[in-house]
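One letter stands for each residue in the lines below.
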Amino acid sequence: MRVIIFTWEYPPRIVGQLAEYTSNLSTQLVKKNVETYLVTYHPYLTGLTEEPNGVKIARVANPVRTHIGVLTWVLTLNQEVERAAANIYYQAGKQIDVIDVYDWHFVPAATTLKNALGIPFVYSVDSLEDHRSPGASSPFNMGIKSIEWLGFYEAAAVTVKSEWMRDEVIRIYKVPKEKIQLVLPSSKTWVDDVLKVYAQASGGAGKP
Amino acid sequence: MKRQLSVMFLTWEFPPRVIGGISPHVLYLSKSLAKNGVKVHVVTCDFPGAPDRETLDGVEVYRVDSYKNPAPDFATWVYLMNLNMQKEAAAIASKLEQKVDVFHAHDWLVATAGIGLKHVFRKPLLVTMHSTEIGRRDGIHTSTERMIAETEAWLTYEAWKVICCSQYMVSHVKWAFGLPDDKLVMVPNGVDQQVYENVRKQDDLKGFRTAFALPEEKLVLFVGRLVYEKGAHVLINAIPKILEKVNAKFVIVGSGYMKDQLSNIVRSMGLEHKVLFTGFMDEASLLKLQCCADVSVVPSLFEPFGIVALEAMAAKSPVVVSDTGGLGEIVEHDVTGVKVYSNNVESLAWGITKVLLDEKYRNTLRENAYRRIQERYSWDRIAQQTEKIYEGVLGEYSKSFWA
């Protein structure tokens, strides 16, 4: 199985919990013989490298340096994510089983890649705009929420890390329960649970 | 037989959605390309009442969700709209039996969609730069303007070729983004003469004219947004000098943030009976008015191309234009029109007066201008030039590792 993980933070660039989580997950995936790529942002450490843990990482910078908000920053960074992912896709003989996108930042890229090249994606929810900015419904917040919605709509499957989050996704975005998979990082079967979601999302293709 | 070329246009405006000059440009270019056997797919923003999908004179038109939630500001809306456009265009392009050979973006307003599509499909991207942020704003003053200028730079960086519609814009874009010469190519804007022929043939222009000017008044026409760079204030300041020599009515068509300011100046000059602000005008009336004008004035301070001068020439109205940007290239002084100094009231008054006082001169300008339009600015010719650029790019592309 060949997988690309999209995350806006990854060591050495650590913003919140996602960097450590995706680092852990990608290391474990490699151990399970999954060919694991990861696309992330870094202001200057750009290009494709293979880390000691066996994960192949493409870091991209934002071609537009001046911004008026996180929305414009994200929406100009996504094309570089697409470029990096497309390069992986074409170099791998046009065969990527699934993209796993963490939070809303790179949902636009995952959506375009799905529609253009038919690569299915899993939307993995770490947090939601409704919880980060409770009660906020300004056009700015709605812009972010509309991208979260797009992720739920276009994703082949959704993963959450708690039952509470599963209920919140259902409550806020009216996502069908069957589309959401619980993957508990504390569980012994965590990586296998994730792989099960990947296999399901990619239509059962590419057994690990 | 040669394989049919397939192009996907990305544009934020396409009729009936008309905001500026890109909309008619893309309409005529796509129709003319289609007539010449090129398959053209136009992906554009939706518009109330317009169908999501239609075939227009051989052009495949797709209108996509333009992001209708309230947006924090215009620039952020543009990027959000691009997200939808890119997603929809990707779905359209992936389902086409005949694959898209070239993506062609019009201005930064579709930059991110164009760049993304280029990379996921690995096809060449071309861009027509109709204008630049640094030109529109006469410099970069805010973060928003800088962000847009950097987006424009990125778009021209990603494009295989950058098309500009005048030599002025070629050198401006080259300077603004530091582009190499061989990346830039000039293809002028065009004008559809047939439209004006039909107006002249069919309509009662004399009767129509009476709604705007008295029979003894010459009709001086300004068409453009009432914003600083279009220079309507220069024309208004020249009016007293013109009226000393010739009886005329000044008709100002268009709207913009300077409208109140301009009508206040006219009132303070005591010239309300000589100046008519019509506001935005429907296309059919505008065509007739352009055919009625004794002189069409384009006093712009900044003008990448100056399509309104071409339209006047096609309408057989003599033109007086300021010698700036692309305008200066369209008009040959004393041959196809009169050129005056930019932002110079005296010079503008001189030019307009000269044209209005001499009927023979007016007729000569009219005929020369019309001939020039036929030779250089027909859409058919422009479509052929554009197709040649596509073929050149595809020739280079075929030798690249993307092919």
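Throughout, residues of each chain are indexed from 1 in the direction in which the sequence is written. Each chain is given a letter, starting from A, and each ligand a number, starting from 1, according to the order in which they appear as written. In keeping with the predicted nature of the model, local features appear solely for residues at pLDDT of at least 70, side-chain atom pairs appear and are counted solely at 80 or more, and the whole-chain, interface and lining totals rest on all residues.

1. Some words on the overall build of chain A
Helix numbering and strand numbering both begin at the N terminus, where a helix is a DSSP run of H or I of at least 4 residues and a strand a DSSP run of E of at least 2. Per the secondary structure count, chain A includes seven helices and eight strands. Overall size of chain A, expressed as C-alpha extent along the three principal axes, is 45 × 40 × 30 Å. Remark: C-beta atoms are placed from the backbone, and a residue is labelled buried if 20 or more other C-beta atoms sit within 10 Å of its own, exposed if 12 or fewer do, or partly exposed between those counts. For chain A, with 208 residues in total, the buried portion stands at 47%. Considering only intrachain contacts with a sequence separation of at least 6, the fraction spanning at least 24 residues in chain A is 57%. Contact definition: two residues whose C-beta atoms, as placed from backbone geometry, lie within 7 Å.

2. Some remarks on the packing of helix α9 (residues 232–243) of chain B against helix α10 (residues 259–269) of chain B
Residues and elements named next belong to chain B. Relative to each other, α9 and α10 sit at 5 degrees, their axes nearing to 10 Å. Relative to α10, the element α9 is oriented roughly parallel. Contacts from Ala232, His233, Ile236 and Pro240 in α9 reach Leu262, Ile265, Val266 and Met269 in α10. For the contact of α9 with α10, the per-class residue count stands at seven nonpolar, one polar and no charged. Where helices are involved, their axes are fitted lines through C-alpha atoms of the stretch in contact, as for all axes, and angles between N-to-C directions lie from 0 to 180°. Angle categories: roughly parallel below 35 degrees, roughly antiparallel above 145, roughly perpendicular from 65 to 115, and oblique for all the rest. Ten residues, namely Ala, Val, Leu, Ile, Met, Phe, Trp, Tyr, Cys and Pro, are considered nonpolar, four, namely Asp, Glu, Lys and Arg, are considered charged, and the remaining ones, Gly among them, are considered polar.

3. A closer look at helix α16 (residues 379–397) of chain B
All names here are of chain B. Take the residue count of a helix, subtract one, and multiply by 1.5 Å to get its expected span. Compared with an ideal rise of 1.5 Å per residue, which puts 19 residues at 27 Å, α16 spans 26 Å between its outermost C-alpha atoms and is within 8% of the ideal. Buried within α16 are the following residues: Trp379, Ile382, Ala383, Thr386, Tyr390 and Val393. An end-on view of α16 places all buried positions within 100 degrees of arc, on one side of the element. Opposite the packed face of α16, turned more than 90 degrees from it, sit the exposed residues Asp380, Lys388, Gly395 and Glu396. Note: the arc covers the axis-to-C-beta directions of the helix.

4. Notes on the pairing of strand β11 (residues 275–279) of chain B
All names here are of chain B. At least two DSSP bridges between two strands are required for those strands to pair. Bridge analysis of strand β10 (residues 248–253) against β11 gives four bridges, and the strand direction is parallel. Each bridged residue has a counterpart across the sheet, and for Val253 the counterpart in β11 is Gly279. This β-α-β element, β10 to α10 to β11, shows right-handed connectivity. Note on handedness: a clockwise path from strand one over the helix to strand two, with the strands aimed away from the viewer, defines a right-handed crossover.

5. Things to note about the interface of chain A and chain B
If you look at the interface, chain A gives 28 residues, while chain B gives 29 residues. Elements with a contribution of two residues or more to the side of chain A that touches chain B: α2 (70–91), α3 (107–117) and α5 (139–154) of chain A. Here the side of chain A that touches chain B gets nine residues from one element, more than from any other, and that element is α2(A).

6. A look at unusual backbone geometry
Most peptide bonds take the trans configuration, and most residues that are not glycine carry a negative phi. Cis peptide bonds are those with omega within 30 degrees of zero, and the linkage from A:Pro11 to A:Pro12 qualifies with 10 degrees. Within the element layout of this structure, A:Pro12 appears in the loop between β1 (2–6) and α1 (18–31). Following B:Pro15, the chain continues into B:Pro16 via a peptide bond in cis, with omega recorded as 5 degrees. When you line up the elements, B:Pro16 lands in the loop between β1 (6–10) and α1 (22–35). One non-glycine residue with positive phi stands out, namely A:Lys94, at about 60 degrees. Relative to the elements of secondary structure, A:Lys94 occurs in the loop between α2 and β5 (98–102). Overall, A:Lys94 belongs to the exposed group, with 10 C-beta atoms counted inside 10 Å.

7. Quick notes on the domain arrangement of chain B
Residues and elements named next belong to chain B. For the purposes of this description, domain bounds are those given by an automatic or database domain assignment. Partitioning chain B into structural domains gives domain 1 (6–190 + 378–397) and domain 2 (193–376). Taken over C-alpha atoms, the centre of domain 1 sits 30 Å from the centre of domain 2. Contacts between the two partners involve 13 residues from domain 1, matched on the other side by 10 residues from domain 2. The dominant element in the side of domain 1 that touches domain 2, judged by the number of residues it contributes, is helix α6 (residues 167–177), at three residues. Its residues placed into classes, the side of domain 1 that touches domain 2 shows four nonpolar, eight polar and one charged.

8. Some words on the environment of B:Gly21
All names here are of chain B. Tracing the sequence through the fold places Gly21 in the loop between β1 and α1. You can call Gly21 partly exposed: it has 19 C-beta atoms within 10 Å. Spatially, the C-alpha atoms of Gly21 and Ala89 are 23 Å apart, while their sequence positions differ by 68 residues. Not counting chain neighbours up to four residues away, the residues in contact with Gly21 comprise His130 and Ile307.

9. Topic: the nonpolar core
Defined on buried residues, the nonpolar core groups Ala, Val, Leu, Ile, Met, Phe, Trp, Tyr and Cys residues joined through C-beta atoms within 7 Å. Ranked by internal contacts, the top residues of the largest apolar core, which has 194 residues, are A:Ile4, A:Phe6, B:Ala309 and B:Ile352. Looking at which domains feed residues into this core, each of domain 1 (6–190 + 378–397) and domain 2 (193–376) of chain B supplies at least three. Not counting residues within four places of it along the chain, the set of residues in contact with A:Phe6 comprises A:Val39, A:Val81, A:Ile99, A:Val101, A:Tyr102, A:Phe106, A:Ala109 and A:Ala110.

10. Brief notes about the sheet that holds strand β9 (residues 218–223) of chain B
Residues and elements named next belong to chain B. On the basis of which strands lie adjacent, the open sheet formed by six strands has the order β11-β10-β9-β12-β13-β14 and parallel pairing. Here the strands that pair on one side only, and so sit at the sheet edges, are β11 and β14 (338–340). Here the average twist between neighbouring strands, direction ignored, is 20 degrees. Contacts from helix α11 (residues 283–292) reach β9, β10 and β12 (295–298) within the one sheet, and its direction differs from that of β9 by about 135 degrees.

11. As for the environment of B:Glu375
Mapped onto the fold, B:Glu375 is located in helix α15 (residues 359–376). Separated by 257 residues in sequence, B:Glu375 and B:Lys118 place their C-alpha atoms 35 Å apart.

12. Remarks on the sheet that holds strand β4 (residues 56–60) of chain A
Sheets are built from strands paired through backbone hydrogen bonds, the pairs being either parallel or antiparallel. Residue and element names in this part refer to chain A. Pairing is mixed across the open sheet formed by eight strands, whose spatial order is β3-β4-β2-β1-β5-β6-β7-β8. The open sheet has two edge strands with one neighbour each: β3 (47–50) and β8 (180–182). Strand-to-strand twist of the sheet, defined as the mean angle between neighbouring strand axes without regard to direction, takes the value 25 degrees. Sheet analysis places β1 next to strand β2 (residues 35–41), joined by five bridges and oriented parallel.

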